[in-house]
Amino acid sequence: MKDGFGRTIEYLRISVTDACNLRCRYCMPEEGPSGCNCKMNLSADEIVEIASAASRLGMKKLRITGGEPLVRRDIVELTRRLGEIPGVEDMSMTTNGTLLKSLARELYDAGIHRINISLDTLDDEKYRSMTRTGKLADALSGIEAAIEVGMSPVKLNCVLIGGFNSDEVESLARLTQKMPVDVRFIELMPIGDTAHFGADAYLPGSFVTDRLPELVPAEAEGKSVARLYRLPGALGRVGIISPLSNHFCSECNRLRLTADGCIKPCLHSAEEISVRGLHGKALEDAIAEAALHKPKMHVELSATERSKSKRSMNRIGG
Ligand code: SAM
Ligand code: SF4
């Protein structure tokens, strides 16, 4: 499927719930999901129906995200059903990893062979403070479980935040020398509940390369939104994702399905097209229409220029 600018749209990110067991300060308000009624999350049947329509239009790649996808009781079965959709060639998941230990094997068997796990710090107290509730040990055991069951690549997503983890860039990147993981630094995005971060929190991705002059450019297997590097002798790569300082809109190949049944043509625009309750041709037409509504690029983002999205990130999925 093509969008209005000739880009091939083949990647659907599916947020399967707005709910989460953590409350990360850059993602979600302390009181939990707001502006939505979580009972209104799409059912597994609805998600599979929408993903199947998207696949008929040429979407080959799915990512399951949230909120936290692993808080959904039916996540293993839902994952298996999504992976069985004809035309789906690649399926992966983004998770905070804290509930992964006991689910990793079942998820692998259900078709999750690649996974992204969020990890912003290696310090217990800082982890608890940024997630407001989480335990670092739970995330680390989730990462170990993913490696142990054979998921590959395991990518660790780290939101780069000045004054929080800017002093840990080296230790986080060095995980790639100790474990078979990629570590990807993501610029903090001014979206949702992030107004409390001061200008110093918004570091450019180049902060990472400045800190680690020994990084050498590395190849991506396919399309990648990350600029990739490698430390000497490392098992995995270091990635830099720069939605603020170097956006990748000209390469954008994605649509997003929210947990309440809207397609977002662009992460940073307010536009949404509800597909809930649509079936067959009407559903396909609405998805194709959403692709045509993708803007050429998103608005400029910075400490002072905020995303136009009306949702916080837990209600989009990243
Ligand atoms: N709960 C899962 C997790 O944390 O990985 C999946 C959903 S979370 C919304 C998806 C990704 O969005 C995470 O890697 C998270 O770090 C990232 N994220 C959330 N808010 C962000 C922000 N304001 N700027 C940059 N990344 C953000
Ligand atoms: Fe939950 Fe993920 Fe958002 Fe953190 S980033 S609050 S783990 S949805």
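Higher on the page you've got the structure.
As a starting point, this report considers the structure included with it. Because the structure is a prediction, the values reported are computed rather than measured.

## Focus: the site of ligand 2
Here is step 1 of the chain: In the region of ligand 2, the neighbouring residues are C20, L22, R23, C24, C27, M28, G67 and N96.
Here is step 2 of the chain: Residue composition of the shell around ligand 2, by class: five nonpolar, two polar and one charged.

## Quick notes on the side chain of T65
Here is step 1 of the chain: By secondary structure assignment, the location of T65 is in strand β2 (residues 61-65).
Here is step 2 of the chain: T65 gets classed as buried once you look at its relative accessible area, which sits at 3%.
Here is step 3 of the chain: Excluding its chain neighbours within four sequence positions, the residues that come into contact with T65 are I14, S15, V16, T17, T94 and G317.

## Side note on helix α5 (residues 136-149)
Here is step 1 of the chain: Here α5 contains 14 residues, and its C-alpha end-to-end distance of 20 Å stays within 8% of the 20 Å for a straight helix at 1.5 Å per residue.
Here is step 2 of the chain: All of the buried residues along α5 are L136, A139, S141, G142, I143, A145, A146 and V149.
Here is step 3 of the chain: On its buried side, α5 packs onto α3 (104-110), β4 (114-118), α4 (124-131), β5 (154-160) and β6 (181-187).

## Things to note about the site of ligand 1
Here is step 1 of the chain: Of all residues adjacent to ligand 1, which total 20 residues, the nearest are Y26, G67, E68, S118 and M189.
Here is step 2 of the chain: Between ligand 1 and the protein, one listed contact pairs an oxygen atom with a side-chain N or O atom of N157 at 3.4 Å.
Here is step 3 of the chain: Bound to the protein, ligand 1 loses 95% of the 540 Å² it would expose on its own.
Here is step 4 of the chain: Every element with two or more residues in the shell around ligand 1 is listed here: β3 (90-95) and β5.
Here is step 5 of the chain: Tallied by class, residues from the shell around ligand 1 come to seven nonpolar, 11 polar and two charged.

## Focus on the pattern of salt bridges
Here is step 1 of the chain: Overall, the coordinates contain 22 salt bridges when judged by the stated rule.
Here is step 2 of the chain: Residue E214 pairs with R174 through a salt bridge whose shortest N-O separation is 2.6 Å. Of this pair, E214 sits in the loop between α8 (206-211) and β7 (216-217) while R174 sits in the loop between α6 (169-173) and α7 (175-178), and the two are 40 residues apart along the sequence.
Here is step 3 of the chain: Across the pair D285 and K281 runs a salt bridge whose closest N-O atoms are separated by 2.9 Å. One end of the pair, D285, and the other, K281, are both in helix α9 (residues 280-292), four residues apart, so they sit about a helical turn from each other.
Here is step 4 of the chain: According to the relative accessible area criterion, D285 is partly exposed, its value standing at 39%.
Here is step 5 of the chain: In the salt-bridge network here, residues are joined through shared partners; they are D18, D260, E272, R311 and R315.

## Considering the packing of aromatic side chains
Here is step 1 of the chain: For the structure shown, the criterion picks out zero aromatic pairs.
Here is step 2 of the chain: K61 extends its terminal NZ or CZ atom over the ring of Y11, reaching a point 4.3 Å from the ring centre.
Here is step 3 of the chain: Sitting above the plane of the F164 ring, K126 keeps its charged end 5.5 Å from the centroid.

## Comments concerning the packing of helix α1 (residues 44-56) against α9
Here is step 1 of the chain: Where α1 contacts α9, the axes come no closer than 9 Å and their chain directions differ by 70 degrees. The angle between α1 and α9 places the two elements in the roughly perpendicular class. Between α1 and α9 the crossing geometry is right-handed. Note on element contacts: α9 touches α1 through G280, L283, E284 and I287, opposite E49, I50, A53, A54 and R56.
Here is step 2 of the chain: Partitioned by chemical class, the residues of the contact of α1 with α9 number five nonpolar, one polar and three charged.

## Quick word on the nonpolar core
Here is step 1 of the chain: With 97 residues, the main nonpolar core has L82 and F185 as its most contacted residues.
Here is step 2 of the chain: For this core, the element with the most residues is α1, which contributes seven residues.
Here is step 3 of the chain: Discounting residues that sit within four places of it in the chain, L82 has contacts with I14, I47, V48, A51, L62, I64, V88 and M91.

Here is what the cut-offs are and how they apply
- Residues numbered from 1 in each chain as written.
- Chains lettered and ligands numbered in written order.
- Predicted model: local features only at pLDDT ≥ 70, side-chain atom pairs only at ≥ 80, totals over all residues.
- Heavy atoms only, no water.
- Near = heavy atom within 4 Å.
- Nonpolar A, V, L, I, M, F, W, Y, C, P; charged D, E, K, R; others polar.
- Helix = DSSP H or I, 4+ residues; strand = E, 2+ residues; numbered from the N terminus.
- Buried < 20%, exposed > 50% of the residue type's maximum accessible area, 1.4 Å probe, protein only.
- Contact = heavy atoms within 4.5 Å.
- Expected span 1.5 Å × (residues − 1).
- Polar contact = N/O pair within 3.5 Å; in protein donor to acceptor, adjacent residues only side chain to side chain.
- Areas by Shrake-Rupley, 256 points an atom, 1.4 Å probe, with all protein chains shown as cover.
- Salt bridge = Lys/Arg side-chain N within 4 Å of Asp/Glu carboxyl O.
- Phe/Tyr/Trp six-rings, centres within 6.5 Å; stacked < 30°, edge-to-face > 60°.
- Lys NZ or Arg CZ within 6 Å of the ring centre and 35° of its normal.
- Axes fitted to C-alpha atoms, helices over the stretch in contact; angles between N-to-C directions.
- Parallel < 35°, antiparallel > 145°, perpendicular 65-115°, else oblique.
- Left-handed = near helix turned anticlockwise from the far one by under 90°.
- Core = buried A, V, L, I, M, F, W, Y, C linked by side-chain atoms within 4.5 Å.

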